[in-house]
Each structure stands twice: as structure tokens, then as C-alpha cells.
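Here are the chains, one letter per residue:
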Amino acid sequence: MSQKSVNAIKVLGVDAINKAKSGHPGIVMGAAPMAYSLFTKHLRVNPKKTDWINRDRFVLSAGHGSMLLYSLLHLSGFEDVSLEEVKNFRQWGSKTPGHPEFGHTKGIDATTGPLGQGISTAVGMALAERYLAAKYNKEGYNLFDHYTYVICGDGDIMEGVASEASSFAAVQKLNKLVVLYDSNDICLDGETKDAFSENVRARYEAYGWNTILVQDGANVEAVNAALEQAKKSDKPTLIEVKTIIGAGSPNRQGTNGVHGAPLGNEETALFRKEIGWENEPFDIPADVYADFKANVADRGEEEYAKWDKLYADYKVKFPELAKELEEALTREDIKHLSKESFSFKNVGDAQATRNSSQDALNSIAAVLPTFFGGSADLSHSNMTFIKGDSLQDDTHRTERNVQFGVREFAMATVLNGLMLHGGVRVFGGTFFVFSDYLKGALRLSALQNLPVTYVFTHDSIAVGEDGPTHEPIEHLASLRTIPNTYVFRPADATETQAAWYLSQKTNNRPTSIVLTRQNLPILENSSFEKVSKGAYVVYETAVDFDTILIATGSEVALAIDVARELEKDGFKVRVVSMPSVELFEEQSKEYKEELLPLNIRRRVSLEMGNSSLWYKYVGLDGLAIGIDKFGASAPANKVIEEYGFTVEAVVEKIKNEL
């Protein structure tokens, strides 16, 4: 029966790809046996309860092989992936898009496709399982006790982020992480040997992983035995499964020609004959469905029923812990966080917003029990350390400071995995200029509606002596162009605390909080409440103002000083702090007009970064004072002066150009 079911996975994938005239049949045909073994003998999922928190997680890191996953979900009884949806593979509005999308199709645990990110995201899922198990499990009550499984390919293994994350997983000893490596020696451009020659298992052993070789990837029982062995390990496990890409295609198996192109009618007919498949396209025998029902769906429902009873008993025996856990899982724990949770500083006091951020995140940590995070080897520069807690590792599983090492990209993918798992709130930090390293993962945070908080410090040329390699210029503009994100650049401690508060209230997108190294004064009219509008009046000369200055971050205090100087020459100035462009864009037309009246044409923006965005607000007849070249190395005050961000230089520019 197993071979018939394996063949059903293959032909269903081939048929859907042929119908779509687009897709990647090679992995479906080569990896079907290992996927069948995983789903029918190990993976604990309940197709009728797809959000079960103690289900095993499965990540198809080689997301281009999405029809492998859709075939498995369909045969296993997941309602979102009906036969009609399989037939609509890669079509407008279908539940079966070209790459798996979390939140779009039930049964998909992670959005994958950008190679390397799937395996790396799975590391975060495994970390979440371990943390929640250590925090909430009690003797006889293992609420959290599940595995994270991955199928990845050579392309995933080549990507640097997979190496970063795998190294981190080894340090953390995430033994419930099991990776099936579809090792077929073929990539899109040809044979992997032309670009990729290392011994992968030796590399993973050097990281500190357990490794297993399955020489015949078509042998379901051999894969099963390897999985059984992996689950007994005290380390994460890489199972290298040697496969033939496009197995069964007489003319194209074992070549890159079957990687990313449909087989077509002629080769498909030969393939069906080769494997002895006589059914018409999309016609799956009843006994195949029965096999998957018994070994995936029914088994999963039984496991869920046992767990559900266990959880009901847990709630009786540990009511306070159960309540805390429920609130964490539903994010209702936010009701315990309010403005009163934060400690506010006096007007006129000065503090770098990175330090204000540290105060804020520690205020949050005191209220939200599953809030944790760390940085890419910069916790004492990013100020991302939760005081009173030590480092989280295999021995100290409930501590709330994670040392990600110099692995910005992997850090962000791990954060995504933590949030995809559920039950936790997480943040990660690095220098703002290094947001470039992790942007691919931040983009997936946004695409998957994940409320990850990114902490970016050292936000401008005020970094000074470290020079242009460490001074962000285009980064604010770049982050603001990513859909479904919030970017905050707070002007002082008050706005910083508000940014943190709003980041935790947000449930459907990531938040980036961009912070200074240099001290900023606490402004008289900065407002915790008004930050939620994205922009507001922070200083005004008169009701009949004739000039608008718009600024963010450290430049808000500068704008106020400029306004006071302009007053001496008869200008009547309104200063607008705009900590979040995205939040401002969500406001009503009435509010936007009230804040930035169209009849006031003398407008100036002030921001130490790329100026392109600001013409939207100042107009072509306005003045966008920014930086559109790289920075320089010198003491911060000297760099700021040379780049024209002083009261005198800004006032002169406004007078000369407006």
C-alpha cells in the first residue's frame, strides 16, 4: 500500500503542475517517499484542528516543491486543499499558490520559497516548543511535547542563512528539530558539484548536530528508521536522504530539466507507465485516501483528543498557569500592559532613545510573561537585555535573553519561527545599518502578518567615528517601502515608550523601532497617546502659522530650535513630529488636513536619511532636508555640522530656498 500512496503523491503533483503549465515536479517525484514516511508514521497533526498548539510542525523549506505539500494535505483530509484547489494550482485566488503561504491555506505552518529561510524559521519553532514546555509543563502534564520537521533541498543548504541558523540550533541543542535533506545533487542550473562540493553531514556534525544517511531515498522503511533514530537524539538531527530528482521520468530523472518545468503530456505518459499508474489525471484510488485517513487524520484526531483531555485536567489543577497560558496564546495578555506600566522621565532630561527602549522593554517584560528576545551580539549596544534574567540555553530554558550571535539574518528567521509557533512575544536587535542583512526575513514577517519587534539602534550619521559603513542613509526609506509594516523613529523617551506599547498591541505586522545612540532631550509636548496617530503637533508659534516643519527622531528637537530661530524673522511655525509614517497614513483625511493644511505651502522636512519620501508631504515646492550621500568618519557633532544639521545651517537653507 505504501508504494501506491507514494505514487499517488507523485502523480497528483505532476498532474497539477501540468495543468498549471508551471511548477517544480522534480522534488515532488523524488521526495514523495520520505514525505509519505514522515506524514503517515510520525507527524502528529489534526486536519480538523489545524491550530492545535501541540501539533508537530512541518516546514517545506524547499517551497518551490509546494505541490508535494499540497498533495500531502489533500490526501490527509485538510479541507482547504480540496481536489478542486489542487486543480487550481498557481491560479488566481486559489488555496494552492506557487509557494506555500502561512495564513492563506490551513495546514501550512510557514511561508517558504526564499531558500534557506524555511529551515531557519523551523529553528525558531523548535525554540518556542522548548521554552513553553519548560515554562508550562508539569509532571504528568506535557502540554508542549512536539517535534518540528523540515524537508529542505540542496539550495536551502547552500544559503548562508541556513548555516547561521543551524549553528545557532546546535548551540541551543534543539533536539526536537529534525531536518530531512533531499540530497539529489541537482540544482536549477545543473549539477550541484559545479557550485557546491562540501560534505554536508560533516559540516553539520561540526556544528554539533546528529546526522544520519539514508542511501536509498525511495525506501520508506529506511526513512522511517532514520526518523525513529533522530527522535532519540539529544541534538538536532540532519537526515541526508539520497534521492533522484524526478524519479520515474524516463528521459528527465536525475537532470535539472525536471527541476522547474512541467513534464508535459508525452513524458507524463511515460512516467505513468514506468510506475504502473493507470488512473486518469486527478483520479486517486479510494484505498489511498483510506491509507492517509487511517495513518494521518484518524491518528491525529486520537492524539488531539488525548491532549485535549490532558489540557482540561491541567486547567483544573493549575488554573492560574492555564489562565496565563491562554492569555499568551490569544495575545489577550496585552490587557495587562498600559501607559501606567511605563516610567516617564522629566521634561528636559536627556537620554538616548536606545536607553529609553531598554527601559520600555523591561517595563513590558515585567508585565508580559512570555516576552523575550535578544540581539545579534549587540545586546549591550542595542540595550536589548531583560534585567533580572540570564541567557536562555538548554540548561536555562525559561530565561528571557537570547544570544543570537553575529547572525542578523538567522536571528530574524528564528524570531519568525517563534511567532509562527505561537504563545510568545519576541524582539531582536542590531545596528540599523545591518537591517540590510535581515531584510529578507523582515519581509516574510510582514508577508505572514507576524508581530515581531525589530530594534534598530545607531540610526544616523550621529554614529560618528564608525563612519559610512555604520551610518544608515537609505535604510529608513527602504523599510518604509515594505508593505504591512510599522516603522517608528521616536523623538524622545516618551515616543519610544509609546512605540514599544503599540508594537505589542499590534497583532498582524512587524514593527521596527529605530533608535539613537546620542542623547535626546525629553520634549515638553511629546505625547504617548498621540504617537498612535503617527504624527502630531509638537510645537507651534501661532494659530495662524505659515510654515510647517516635519521631523522624526533626533531631528524633532532640532526642528523646534529652528522654529524658535525663524520666529525672530517673523515666521509663524508649526512643528510636526512624525514618528510613524505608516500610522499617519492610516488616519482620516480630516486629520491629515488638520495637521498639514493644504493651503500652507511653506513646508520643510528634516530627517538624517534619504530624502525621497518627504516630497509626498512637503510637495515639489517644499524643501526636503535629508542626506542623499554616504556618511563620513569623525566625531558625531562634527559629522552632523558638516552635513548641515545645525540650527544655523537649516535656518539659512529655509530662508534661501523658500
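The coordinates are above.
Residues numbered from 1 in each chain as written. Predicted model: local features only at pLDDT ≥ 70, side-chain atom pairs only at ≥ 80, totals over all residues. Heavy atoms only, no water.

Asks: Got a minute to help me understand helix H13 (residues 353-365) in this structure?
Replies: Because the α-helix completes a turn every 3.6 residues, residues three or four places apart line up on one side. Under the 1.5 Å per step criterion, the end-to-end length of H13 is 18 Å for 13 residues, consistent within 8% with the ideal 18 Å. The element H13 is extensively covered by neighbouring structure, given that 11 of its 13 residues are classed as buried. Among the residues making up H13, those that are buried are Thr-353, Arg-354, Ser-356, Ser-357, Gln-358, Ala-360, Leu-361, Asn-362, Ser-363, Ile-364 and Ala-365. (Helix = DSSP H or I, 4+ residues; strand = E, 2+ residues; numbered from the N terminus. Expected span 1.5 Å × (residues − 1). Buried < 20%, exposed > 50% of the residue type's maximum accessible area, 1.4 Å probe, protein only.)

Asks: Help me understand the sheet that holds strand S18 (residues 573-577), please; the structure alone is not making it clear to me.
Replies: Adjacent strands of a sheet form backbone hydrogen bonds with each other and so pair up, either parallel or antiparallel. Taken in spatial order, the 5 strands of this open sheet run S16-S18-S17-S19-S20, and their pairing is mixed. In the strand order of this sheet, the two ends are held by strand S16 (536-540) and strand S20 (623-625), each with one partner. Each neighbouring strand pair of the sheet contributes to a mean axis angle of 20 degrees, computed without reference to strand direction. Across 4 bridges, the pairing between strand S17 (residues 547-551) and strand S19 (residues 603-606) is parallel. Residue pairing across strands places Ala-551 opposite Leu-606, the latter belonging to S19. Against the sheet, helix H24 (residues 647-657) contacts S17, S19 and S20, and its axis sits at roughly 155 degrees relative to S20. (Pairing = 2+ DSSP bridges. Axes fitted to C-alpha atoms, helices over the stretch in contact; angles between N-to-C directions. Contact = heavy atoms within 4.5 Å.)

Asks: What's the story with the state of the cysteines in this structure? I'm lost.
Replies: Working definition: the covalent bond between the sulfur atoms of two cysteines is a disulfide. Using the criterion set out here, one finds 0 disulfides in the structure. Left without a disulfide partner, Cys-152 is nearest to the cysteine sulfur of Cys-187, which lies 14 Å away. (Disulfide = S-S within 2.5 Å.)

Asks: Any chance you could explain the pattern of salt bridges here in plain terms?
Replies: Two side chains of opposite charge can pair, provided their charged atoms sit close to one another. Counted under the stated rule, the structure contains 37 salt bridges. For Asp-546, the salt bridge goes to Arg-602, with nearest N and O atoms at 3.1 Å. Of this pair, Asp-546 sits in the loop between S16 and S17 while Arg-602 sits in the loop between helix H21 (589-595) and S19, placing them 56 residues apart in sequence. Judged by relative accessible area, Arg-602 falls into the partly exposed class, the value being 25%. Between Asp-569 and Lys-655 there is a salt bridge; the shortest N-O distance is 2.2 Å. Pair noted here: Asp-569 is in the loop between helix H19 (555-567) and S18 and Lys-655 is in helix H24, with a separation of 86 residues, a long-range link. Judged by its relative accessible area of 46%, Asp-569 is partly exposed. A single network of salt bridges, built from pairs that share partners, joins Asp-185, Arg-201, Glu-240 and Lys-242. (Salt bridge = Lys/Arg side-chain N within 4 Å of Asp/Glu carboxyl O.)

Asks: Would you mind showing me how to read the environment of Pro-483 here?
Replies: Relative to the elements of secondary structure, Pro-483 occurs in the loop between helix H17 (475-480) and strand S13 (486-488). Taking the C-alpha atoms as reference points, Pro-483 and Arg-509, separated by 26 residues in sequence, lie 9.2 Å from one another.

Asks: Explain helix H10 (residues 264-275) here, please?
Replies: Spanning 12 residues, H10 covers 16 Å between terminal C-alpha atoms, matching the ideal 16 Å at 1.5 Å per step. Restricting attention to buried positions, one finds in H10 the residues Glu-267, Thr-268, Phe-271, Arg-272 and Ile-275. Across the axial projection of H10, the buried residues extend over an arc of 145 degrees, all falling on one side. The exposed set on the far side of H10, more than 90 degrees from its buried face, consists of Asn-265, Glu-266 and Lys-273. Packing partners of the buried residues in H10 comprise helix H1 (2-20) and helix H2 (25-41). Positive phi appears at Gly-276, one or two residues downstream of H10, with a value of about 75 degrees. (Arc of directions from axis to C-beta.)

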